There are 2 protein chains.
Amino acid sequence: MAVHDAMDVLTGKWKISIIAVLCYHNKRRFSDILKDVNGISNKMLSKELKEMEQNKLIKRTVLDTQPVTVHYELTEYGQKLQSVIKNLSDWGIEHRKEIMGK
Amino acid sequence: MAVHDAMDVLTGKWKISIIAVLCYHNKRRFSDILKDVNGISNKMLSKELKEMEQNKLIKRTVLDTQPVTVHYELTEYGQKLQSVIKNLSDWGIEHRKEIMGK
DNA sequence: CGGCATCCTTCTGGATACTG
DNA sequence: CAGTATCCAGAAGGATGCCG
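Residues numbered from 1 in each chain as written. Chains lettered and ligands numbered in written order. Predicted model: local features only at pLDDT ≥ 70, side-chain atom pairs only at ≥ 80, totals over all residues. Heavy atoms only, no water.

### Structural notes on unusual backbone geometry
Residues and elements named next belong to chain A. Stated formally: Starting at the N terminus, helices and strands are each numbered in turn, a helix being any DSSP run of H or I of at least four residues and a strand any DSSP run of E of at least two. Partly exposed describes any residue whose relative accessible area lies between the buried limit of under 20% and the exposed limit of over 50%, with all areas from a 1.4 Å probe on protein chains only and scaled to the type maximum.
Of note, the amide linkage connecting Gln66 to Pro67 takes the cis form, showing an omega dihedral of -5°. Examined against the element boundaries, Pro67 turns out to sit in the loop between strand E2 (58-63) and strand E3 (69-74). In this structure, Lys56 takes a positive phi of about 65° despite not being glycine. Mapped onto the secondary structure, Lys56 falls in the loop between helix H4 (42-54) and E2. Using a relative accessible area of 44% as the deciding quantity, one classes Lys56 as partly exposed.

### Observations concerning the sheet that holds strand E2 (residues 58-63) of chain B
Residues and elements named next belong to chain B. For clarity, the cut-off: Strand pairing is defined by DSSP finding a minimum of two bridges between the two strands.
Strand order in the open sheet formed by three strands is E1-E3-E2, and the pairing between neighbours is antiparallel. Every other strand in the sheet has two partners, leaving strand E1 (28-29) and E2 as the edge strands with one partner each. By the bridge criterion, two bridges tie E1 to strand E3 (residues 69-74) in an arrangement that is antiparallel. Bridge assignment links Arg28 to a residue of E3, and that residue is Tyr72.

### Focus on the protein's contact with DNA strand D
Worth spelling out the cut-off: Throughout, near means a residue has at least one heavy atom within 4 Å of the molecule or strand. Residues adjacent in sequence count toward polar contacts only when both atoms are side-chain atoms; beyond that, a polar contact is any pair of N or O atoms within 3.5 Å, and within protein one must be able to donate a hydrogen and the other to accept it. For this scheme, ten residues count as nonpolar: Ala, Val, Leu, Ile, Met, Phe, Trp, Tyr, Cys and Pro. Four count as charged, namely Asp, Glu, Lys and Arg, and the remainder, Gly too, count as polar.
Around DNA strand D there are 19 residues in total, and A:Ser31, A:Ser46, A:Arg60, A:Tyr72 and B:Lys43 lie nearest to it. Side-chain polar atom of A:Asn42 to a base oxygen of DNA strand D: 3.1 Å apart, as the coordinates give it. Interatomic distance of 3.2 Å between a backbone N/O atom of A:Val70 and a phosphate oxygen of DNA strand D. Of all the secondary structure elements, the ones that give two or more residues to the surface near DNA strand D are helix H3 (30-36), H4 and E3 of chain A together with helix H4 (42-54) of chain B. When residues in the surface near DNA strand D are grouped by element, the largest group, four residues, is from H4(A). For the surface near DNA strand D, the class distribution of residues is seven nonpolar, six polar and six charged.

### Structural notes on empty space enclosed by the protein
In this approach, a probe sized like a water molecule rolls over the atoms, and the result shows the empty space that is left. So the rule is basically this: A 1.4 Å probe that fits into a set of points on a 1 Å grid over the protein atoms alone but cannot get out defines a cavity; an open set with protein on both sides within 12 Å along at least five of seven lines defines a pocket, and lining residues are those with an atom within 4 Å of a point. Grid points are joined across faces, edges and corners, and a volume is the space filled by probe spheres set on the points.
Counting across every chain of the model gives one cavity of 30 Å³ or more. Computed from the structure, the largest cavity encloses a volume of approximately 80 Å³. Listing elements by their share of the lining of the largest cavity, those giving two or more residues are helix H1 (2-10) and helix H5 (82-101) of chain A together with helix H1 (2-10) and helix H5 (82-101) of chain B. In the lining of the largest cavity, the residues fall into ten nonpolar, no polar and no charged.

### Looking at the nonpolar core
Condition: Only buried residues count toward a nonpolar core. Its members are Ala, Val, Leu, Ile, Met, Phe, Trp, Tyr and Cys residues joined through side-chain atoms within 4.5 Å. Contacts are assigned to residue pairs with any non-hydrogen atoms lying within 4.5 Å of each other.
Among the nonpolar cores identified, the biggest contains 58 residues, and A:Ile18, A:Leu57, B:Ile18 and B:Leu57 are the most heavily contacted of them. Not counting chain neighbours up to four residues away, the residues in contact with B:Ile18 comprise B:Ile33, B:Val37, B:Ile40, B:Leu45, B:Glu48, B:Leu49 and B:Met52.

Without other data, these values stay purely geometric and don't point to any function.
This is how it looks when you write it as structure tokens:
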């Protein structure tokens, strides 16, 4: 099942949110993402980013500054998830209305 | 973030897969879903279905047969997730190609 | 058939401190 | 700044058995 393949890559509370952030600002530094994504810890961010890099969803670029700067961005391939995110976000808005309505 | 609201409802390895199954066969029994969804245990299926029922994504119908028969189906509201699933599934197919290509 | 109860193991993820 | 390392609690999830 294709859905299952996709989910393998997107498991965890955070990956989808991280991708959503990287959709918006196309380059973003570690500590910025740390602030953007609601309650994530540096450990989790580090872990999730590493997994996503291995899965070729994002690209990591180290700049030779002092101190070090690191950029993360979606790969061309990862950008294909944007429409999924959009869909999900639209549904999330609907969902919030539904819940609040009660 | 709307994405986060959506994810609250869809957490766990299985929910997305279960919805995908219910997209395809619009009514489905417990033990059928158990076979459809790859490696899920009855405990997990039971738990996930209950959560999704509480979130109004699916509807549970008990038929008065001997022994009991139970149908699950997507609510009108849950069906709005179909486009998300479709997107995800398309991406999953791409993803599989990408991985295999290496 | 469609679950629930129990036990047990693994994974998830937070807090804090430390490194180059 | 961008992580790593360690410790630890709780949640997720598998196996098995029982029940109406």
